[in-house]
Amino acid sequence: LKWILRHTSSRCTYFFLYDGSKVKGEGDRTREGICYFYPEETPLDRQELLCGQLAGVGRCVSELSFSPVRILRLRRNKFAIRMKDDFFWALGCSVEVPIVSVCELLDQLIDLFCFYNGSVRQSYQLSSQEFLAARWARYLSHLQSGSSELHHIFSCLRTIDSTNVDPLLLLKAALILQACQRCPLVLAGCILFRGRVVSTQMCPELTMKVMVHESETYTKTPAAHCSSGPFGGAVSSVTVFLTLSELQYLQSAPVNKHLSSESTPQKETPRRKTRLSRTLSDMPSTDSDPSDRGSLQSPQLESFSPQLSDSSVFSPVPSHSATDPLHPPTQPLQPPFSNGKHSSEAEDEALEEPSYYHSFHSNGGDSQTDASVFEENCQVLNGGGDGGGDGGGDGGAACGTVFDFREAANDESHDGKEDGCRSAPEPPRPPHCGAFDDPEQSQLVPMTLYLHRVKGLVLALLVEPLFLSDTASMEEVYHSSLASLNGLEAHLRTVAPGAPGAPGPYVFAHFDHIQSTLTTNLSGGPGGAPERPFVRATSLLHSHFCNTETLQEAIIRSAGAAVYGTRSVAQETYFQQHGGSFRNSGIPNHQDSAFSLPGKARHRLLKHGVNLL
Amino acid sequence: MKCLLIASESAEVLFHWTDPEYQQHIQEQYGASQEEGQGLPAFEDSISTLFAPIIISCSTMVDRLGDSYTSFTTENNHIYVLHQFDECLYIAVNGDGEEGEDDLRRKTYVMKKMIEVLFGMVTLSSYLLRRELRPQDTDQRARLWKHLQSLLETYSHLRENDQSFLVEAVERLIHPTLCEQCIEFLERRLVQQLNSSVERAGEEVLHAFILVHTKLLAFYSSRNASTLSTSDLLTLIIMAQNMYPSDVDHDDPAPEDVESTSGSGPESFYTPEPSPTDRDSSSSEEKPVRGSTPVFEFVDPDIQMAEDSLQTLEVPPPDPSTPHRVFLEVSLKEGLYPMMPHSMYCLPLWPGITLVLLTKVPTSAVAMSVYKFLEAFAKLEKRLSEGQEGSAATRGQPTIHDVRSKLDKFIKALGPSEIQSAQLQNVWTEFKNRAFARGGPGFNRDLIPWCKNMKTQLCGIYRQCFLIESGPTDIPRRLSPGLQERAQTMVQEKLMDWKDFLLVKSKRNITMVSYLEDFPGLIHFICVDRSTGQMIAPSLSITERATSELGKGPVAQFIKRKVWDLVSTTRHYLQKGYSTVTLRDGDFYFCYFLWFENETGFKLEAGDIPVLPDDSAPIGMLAWDYYSRKLLRYYSKNHQGEVVKCYELLTVHLGVIPTEIILQHCRQLASKLWEPSRNPLL
């Protein structure tokens with residue numbers, strides 16, 4: 001692990017989590033507050049210096065401005081900062097990395113931690129600092145493992161090279177996932193092959209989180225994790241924590257996710273129809289389901305509503321119509337992927353006001369206490385095993401208590417979710433902007449991540465915690481997908497790893513915002529000196545695009561390189577033509593080759609599946 | 001919600017400026033942390049208390065990490081920019097979204113530039129500068145700060161509204177015949193007459209120029225004057241604007257500016273004390289400071305100043321004929337001398353039209369000597385701190401022995417004058433004992449504090465010579481009021497018939513109308529000649545009373561905003577080495593080009609442009625001349641012996657115009673605007 005960190009250190013120079021609540025009194029030493037510090041070999045006095053000064057100055061500035069510090073720059077480093085309660089996170093990168101990317105990385109890191117561990121405060125109450133330090137280190141190294149410098153700019157999902165794979169295989173993967181969703185306890189899933197996404201039903205942010213666990217198990221032998229059971233060592237599971245918005249998004253039926261043009265209130269859409277589309281088959285839902293859900297009305301739901309009820313009429317809140325008589329259910333429903341920015345803005349606004357909602361959380365957050373006892377474990381199915389390798393003592397204990405956990409979950413999240421599903425079927429905006437989507441802020445709901453590995457192929461499903469004890473469902477999911485997974489694996493294995501695009505007379509990078517995927521013909525490896533000008537220009541242009549909403553395209557030229565960048569709502573594309581003479585005086589000249597870049601990009605990139613028309 | 005603060009390393013406030021919103025913000029802040037029943041403390045105390053932790057953390061980071069904060073951004077988009085100049089920490093804050101990081105950094109650099117122009121080489125001694133910026137006497141302090149605050153406000157107003165201060169280049173009034181006549185008039189009639197008058201009291205007019213609002217009508221430099229740098233000229237325009245805020249659309253004509261005409265720095269008498277060698281001067285150190293500012297005063301024990309030489313006596317505001325002492329860069333054959341003393345006479349002709357005279361003061365040779373000595377000691381100190389010793393530390397020009405004999409002569413020459421030089425003499429004697437005596441310690445690290453001390457003493461001499469008004473017994477060294485009046489009348493007579501025309505012309509110097517036919521789709525452009533520091537742009541004044549072709553109201557404001565943003569964007573790209581930028585933004589297409597030519601107008605090949613860090617000095621010409629100091633110097637490496645000129649062009653077009661046409665427009669503008677006749681298309 002350390003090896004990896006050291007060799008990708010170009011992106012992150014420092015990362016630390018500092019707990020100000022531990023250093024309140026005069027005599028308290030700064031080191032008491034340091035929860036985690038990267039690089040770990042940093043001398044303690046330097047750790048103390050950085051933590052003490054940055055957290056101190058951060059607090060002072062926040063008090064002066066009535067708002068937490070977000071960015072802190074030094075001459076040789078820049079830090080993305082997050083301040084929450086008494087916690088102070090700082091992620092430092094060298095000055096070349098755009099600050100938007102550093103902020104994004106820090107948000108991802110914290111989100112990841114919360115996804116696998118639940119709330120930070122509780123994690124530190126329940127687990128040892130060393131144990132959690134290993135976790136931060138793992139997440140950090142995972143997020144930094146991007147192979148090229150472009151990955152420092154765009155945080156993207158690594159996908160299999162779809163141009164290289166038979167589309168039927170992708171369709172097959174999608175069908176496997178849909179088939180799994182026949183089981184009502186399965187929320188969504190994704191299929192990964194050798195650390196790359198083959199198909200996913202989740203938003204990119206969630207897929208990214210799931211992949212951390214996958215890559216971790218991929219590097220270990222499965223046997224170390226799970227003992228033999230009816231499913232062999234191929235199946236494992238781990239408790240994860242979803243934010244409310246993530247959960248709402250998952251629970252909304254896929255039909256709603258994709259048919260944004262649907263204007264009829266989806267409330268009236270018959271349940272059955274939803275089911276149909278989820279599975280792409282005509283199989284009716286089992287009768288037991290609705291009654292099951294009906295019986296699980298939850299009082300816990302109220303704890304969700306206060307934070308949202310007064311925030312905005314537009315925010316898609318599941319509990320509104322169900323629990324709040326003041327908000328009649330006739331309120332306008334936003335189309336999914338809200339066409340207008342209306343709802344997203346409203347939602348952002350709602351989430352931007354942490355201070356008002358904070359009290360609700362600290363009061364209502366108790367509900368998680370029981371659940372979080374189990375958060376650390378890599379659960380072994382069928383209870384026979386002796387716990388997750390890295391879970392230590394906790395792991396073993398957890399297996400025995402799996403049922404308590406499930407019952408707790410019944411009372412809380414499970415029902416809440418089901419209710420939400422029915423009362424407000426329109427899905428929320430996928431949780432795109434990490435900056436506002438503070439996992440500490442919103443409730444975290446425990447769920448289970450189920451993994452089924454077939455050699456290099458992994459089926460990862462987010463399932464209700466109940467799923468683990470529902471042997472029938474589990475067997476159904478396992479057996480229905482097993483053959484298909486084997487087949488898919490065999491096919492994918494034979495696909496030659498896409499040779500990196502031959503270095504052509506041009507370089508390009510194409511980033512898809514919706515899917516968080518990056519297409520590029522940049523070879524990537526370290527020391528790509530000839531590519532530096534392109535990466536540098538891309539980094540500047542990306543920052544500019546992020547900061548200027550109205551900017552559509554740009555050409556910038558230095559003595560060595562002219563780079564063209566263009567963006568739409570969904571994508572950003574960067575293009576540089578190699579060779580050609582850039583000998584020019586810099587005086588405006590319409591025959592200048594730099595100004596033919598847009599045309600060349602349109603033409604050249606078509607064959608990479610990038611349409612700039 | 002804007003603020004600018006200068007603090008010493010010990011968190012002592014040396015200057016602060018806040019707009020009313022930020023002042024209220026601070027008072028609310030401080031009020032919240034105060035206990036009930038206590039009245040609000042002095043504003044200076046509040047701001048000092050609130051910022052103290054930041055300032056102290058800054059010094060800690062520098063001391064222990066060798067790195068320093070450059071900026072903070074909060075989630076509600078408050079921006080703090082920090083920059084340390086020597087021992088002074090500048091903090092600029094914006095909380096209303098009107099300024100970006102670059103604007104704030106620029107503001108700190110401009111503030112520093114203005115302090116340099118006002119205090120000259122005193123700024124080279126942090127110890128003296130601290131005392132200069134924060135006079136012990138609270139009234140005097142209030143007056144000085146008010147003056148600086150008003151200069152800063154004038155600058156901010158110009159930067160936000162005047163294109164020439166946006167791009168930091170001087171705008172000339174485009175009227176070739178009149179300009180030529182005026183220059184001739186300044187040369188043949190005015191300057192000649194002034195310099196041959198006996199009433200000039202030893203001063204010599206070097207430069208004379210006529211400003212119409214912020215635009216230059218005519219500029220004349222006498223033959224033996226060095227070129228006035230663009231940076232200095234722009235600063236002088238700010239000062240003139242501050243004295244006579246001529247902007248008719250300025251909502252408040254700032255009546256308090258009458259007071260700010262009181263000139264550069266504190267007006268005070270120097271009171272000679274009979275016992276300058278009195279070492280027991282520490283008593284003045286212990287004077288209680290008014291106001292309960294947390295004082296972490298640190299006095300370098302090695303620096304013993306003749307404390308009483310720092311005592312100043314307040315005087316009532318002087319008459320308007322008193323010139324302003326300004327310190328400007330002088331480039332002579334033998335080298336560049338920064339911050340040489342000049343007197344600035346600002347003579348209002350009519351509201352909006354001002355005649356400015358810059359004179360050389362008779363004793364300016366002292367300043368040159370002081371500068372040479374300072375430079376020598378700074379070099380020596382640098383070498384010593386790099387670990388060099390003995391002859392390795394003293395090599396180079398001038399030789400240390402040369403410095404020694406010159407400094408001996410210099411001190412001797414000071415002796416009979418009323419300047420207190422005994423302290424300098426003492427320190428110099430001690431220095432010589434250590435450095436030159438046989439068997440003495442010689443040139444090693446131990447000499448560093450003595451180098452510092454020598455520098456401080458030299459700056460002290462400079463301060464006595466140029467910053468403190470001469471004592472009452474002295475004959476006033478300035479152009480006599482009568483002479484000033486005559487100059488004023490002469491120019492008034494000359495321009496009488498033109499006055500109204502000039503005032504209108506300055507508002508609509510060139511207009512887009514003249515370009516619409518040749519350049520359909522062109523909305524605006526700015527063209528800058530960086531080698532001369534001049535710019536041309538169609539007027540873009542958007543006010544209640546005057547409308548431009550853009551009309552008034554939101555559309556005009558929107559386009560103005562876009563132009564301002566474009567300048568800041570392209571500067572950012574230029575900082576990172578990009579000299580051509582085109583942007584399609586909303587309904588507009590923006591272009592930016594920077595190129596080089598030789599003297600004959602031949603276009604030189606684009607070369608590498610230095611890539612600068614984010615916190616480098618702002619790109620422009622006012623506070624720090626990026627173009628000559630960085631760009632041309634860098635570029636000229638490959639063009640040695642050649643005169644290299646640098647040009648910039650910014651255009652705004654409608655987005656529907658084909659790119660091809662836009663680029664043709666740009667090319668035409670670029671080649672025609674600076675034709676040898678210097679006459680733009682009209």
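As the structure is a computational prediction, the values presented were derived from the model and not from experiment.

K.L.:
For the pairing of strand S10 (residues 444–454) of chain A, give the residues involved together with the corresponding values.
P.N.:
Residues and elements named next belong to chain A. The buried fraction of S10 amounts to 11 of the 11 residues, a majority that puts the element mostly inside the structure. By the bridge criterion, 9 bridges tie strand S8 (residues 235–243) to S10 in an arrangement that is antiparallel. The residue bridging Ser-236 from the neighbouring strand is Leu-451, located in S10. Examined bridge by bridge, S10 and strand S11 (residues 457–463) share 7 bridges and lie antiparallel to one another. Bridging across to S11, Leu-449 finds its partner in Leu-462.

K.L.:
I'd like to hear about the packing of aromatic side chains, residue by residue, with values.
P.N.:
Residues and elements named next belong to chain B. By the definition in use, this model includes 41 aromatic pairs over all chains. Their ring planes at 80 degrees and their centres at 5.7 Å tell us that Phe-436 and Phe-443 sit as a pair that is edge-to-face. Given a relative accessible area of 18%, Phe-436 falls into the buried group. Judged by its relative accessible area of 12%, Phe-443 falls in the buried class.

K.L.:
Which residues make up the nonpolar core, and what values go with them?
P.N.:
The nonpolar side chains of a soluble globular protein tend to be buried with one another. Grouped together as the largest cluster of nonpolar side chains are 149 residues, with contacts concentrated most on Phe-51, Tyr-69, Met-111, Phe-209, Met-344 and Phe-431 of chain B. Residue contributions to this core peak at 11 residues, all from helix H10 (residues 364–385) of chain B. Apart from residues lying up to four places away in sequence, Tyr-69 of chain B is in contact with Gln-53, Leu-54, Val-57, Leu-72, Arg-73 and Leu-74 of chain A together with Ser-57, Cys-58, Met-61 and Leu-82 of chain B. Tyr-124, Met-202, Leu-206 and Met-447 of chain A belong to the second largest nonpolar core, which has 64 residues in total.

K.L.:
Summarise the pattern of salt bridges; cite the residues concerned and give the values.
P.N.:
Per the counting criterion, the structure on display carries 45 salt bridges over all chains. A salt bridge links Lys-22 of chain A to Asp-19 of chain A; the nearest nitrogen and oxygen atoms lie 3.6 Å apart. Overall, Lys-22 of chain A belongs to the partly exposed group, its relative accessible area being 37%. Each of Arg-73 of chain A together with Glu-101, Arg-105, Lys-576 and Asp-614 of chain B takes part in a single network of salt bridges with overlapping partners.

K.L.:
Could you give an account of the side chain of Glu-597 of chain B, naming the residues involved and the relevant values?
P.N.:
Secondary-structure assignment places Glu-597 of chain B in strand S17 (residues 588–598). At a separation of 2.9 Å, a polar atom in the side chain of Glu-597 of chain B contacts the side chain of Trp-595 of chain B. Once residues within four sequence positions are removed from consideration, Glu-597 of chain B is found in contact with Ile-587 of chain A together with Phe-602, Lys-603, Leu-604, Val-643, Val-644, Lys-645 and Tyr-647 of chain B.

K.L.:
Talk me through the state of the cysteines; I want residue IDs and the actual numbers.
P.N.:
Enumeration according to the criterion identifies 0 disulfides over all chains in this entry. Free of any disulfide, Cys-114 of chain A has its nearest neighbouring cysteine sulfur in Cys-35 of chain A, separated by 13 Å. Here Cys-646 of chain B stays unpaired: no disulfide links it, and the sulfur of Cys-527 of chain B, its closest cysteine neighbor, is 11 Å away. Cys-646 of chain B gets classed as buried once you look at its relative accessible area, which sits at 0%.

K.L.:
An account of the interface of chain B and chain A is requested, with residue identities and associated values reported.
P.N.:
Across the boundary between the two partners, chain B contributes 64 residues, which contact 51 residues of chain A. For the pair chain B and chain A, the two sides together bury roughly 5,300 Å², of which 56% comes from carbon and sulfur. The interface formed by chain B and chain A contains 3 salt bridges. With a closest N to O distance of 3.1 Å, Glu-553 of chain A and Arg-584 of chain B form a salt bridge. The tally of links between chain B and chain A comes to 30 residue pairs in polar contact (both at pLDDT 80 or more). Listing elements by their share of the side of chain B that touches chain A, those giving two or more residues are helix H1 (20–33), helix H2 (43–65), strand S3 (69–74), helix H18 (554–575), strand S16 (580–585), S17, strand S18 (603–604) and helix H20 (659–673) of chain B. The greatest single-element share of the side of chain B that touches chain A, amounting to 9 residues, is contributed by H2 of chain B. Tallied by class, residues from the side of chain B that touches chain A come to 27 nonpolar, 21 polar and 16 charged. Here strand S14 (residues 551–557) of chain A runs beside S16 of chain B; their pairing, made up of 6 bridges, is antiparallel. Across the sheet, the residue bridging to Ala-554 of chain A is Leu-583 of chain B, located in S16 of chain B.

K.L.:
Summarise the sheet that holds strand S2 (residues 34–38) of chain A; cite the residues concerned and give the values.
P.N.:
The strands that make up a sheet pair up through hydrogen bonds in the backbone, lying either parallel or antiparallel. One open sheet holds the 10 strands; their spatial order is S2(A)-S1(A)-S5(A)-S4(A)-S3(A)-S3(B)-S4(B)-S5(B)-S1(B)-S2(B), and the pairing between them is antiparallel. Single-partner strands in this sheet number two, and they are S2 of chain A together with strand S2 (13–18) of chain B. With direction set aside, neighbouring strand axes in the sheet form an average angle of 10 degrees. Here 7 bridges tie strand S1 (residues 12–19) of chain A to strand S5 (residues 87–93) of chain A, and the two strands are oriented antiparallel to one another. Among the inter-strand pairings, Phe-16 of chain A is bridged to a residue of S5 of chain A, identified as Ala-90 of chain A. The strands touched by helix H6 (residues 129–143) of chain A within the sheet are S1, S2 and S5 of chain A, with S2 of chain A carrying the most contacts at an inclination of about 35 degrees.

K.L.:
Describe the domain arrangement of chain A, and please don't skip the residues or the numbers.
P.N.:
Residues and elements named next belong to chain A. Annotation of chain A at the domain level lists domain 1 (12–147), domain 2 (167–251 + 443–494) and domain 3 (506–608). Between domain 1 and domain 3, the buried area comes to about 360 Å², and carbon and sulfur atoms account for 55% of it. Between domain 1 and domain 3 we count 0 salt bridges in total. For the interface between domain 1 and domain 3, the tally reads 0 residue pairs in polar contact (both at pLDDT 80 or more). A breakdown of the residues in the side of domain 1 that touches domain 3 according to their chemical character gives 2 nonpolar, 2 polar and 1 charged.

K.L.:
An account of the confidence of the model for chain A is needed here, citing residue identities and associated values.
P.N.:
Residues and elements named next belong to chain A. Predicted confidence across chain A gives a mean pLDDT of 71, with 61% of residues reaching 70 or more. Across residues 1–9 the pLDDT falls below 50, and counting only partners more than four positions away or on other chains, this stretch makes 13 contacts in the model. Counting contacts from residues 255–440, a segment whose pLDDT is below 50, to residues more than four positions away or on other chains yields 278 contacts.

Rules of the game
Going along each chain's sequence as written, the residues are numbered from 1 onward. Ligands are numbered from 1 and chains lettered from A, in the order in which they are written. Totals for whole chains, interfaces and linings use all residues, but because this is a predicted model, local features are given only for residues with pLDDT of at least 70 and pairs of side-chain atoms are given and counted only at 80 or more. Side-chain metrics in this entry use all non-hydrogen atoms of the structure; hydrogen atoms and water are not considered. Three exposure classes are used, based on accessible area relative to the maximum for each residue type with a 1.4 Å probe and protein chains only: buried under 20%, partly exposed in between, and exposed over 50%. Only runs of H or I of at least four residues qualify as helices and only runs of E of at least two qualify as strands under DSSP, and these elements are numbered from the N terminus. Here, strands pair whenever DSSP counts at least two bridges between them. To pair, rings of Phe, Tyr and Trp, with the six-membered ring standing in for Trp, must have centres within 6.5 Å; the planes then decide the type, stacked if under 30 degrees apart, edge-to-face if over 60, and tilted in the middle. Residue types Ala, Val, Leu, Ile, Met, Phe, Trp, Tyr and Cys, when buried and joined through side-chain atoms within 4.5 Å, form a set referred to as a nonpolar core. Contacts are residue-level and defined by heavy atoms, with any inter-residue pair within 4.5 Å sufficient. Just to be clear on terms, a salt bridge is a Lys or Arg side-chain nitrogen sitting within 4 Å of an Asp or Glu carboxyl oxygen. Throughout this description, a polar contact denotes any pair of N or O atoms lying within 3.5 Å of each other; where both atoms belong to protein, one of them has to be capable of donating a hydrogen while the other can accept it, and for residues adjacent in sequence the pair is counted only when both atoms sit in side chains. Two cysteine sulfur atoms form a disulfide, by the criterion used here, when they sit within 2.5 Å. Accessible surface is computed with a 1.4 Å probe, and the buried area is the amount of it that two parts give up when combined, taken over both parts together. Under the convention adopted here, Pro, Cys and the residues Ala, Val, Leu, Ile, Met, Phe, Trp and Tyr are nonpolar, Asp, Glu, Lys and Arg are charged, and Gly plus all remaining residues are polar. Between N-to-C directions, angles span 0 to 180 degrees; the directions come from axes that are lines fitted to C-alpha atoms, helices contributing only their stretch in contact. For each domain, the first and last residues come from an automatic or database assignment. Per residue, pLDDT measures the predictor's confidence, with a range of 0 to 100.

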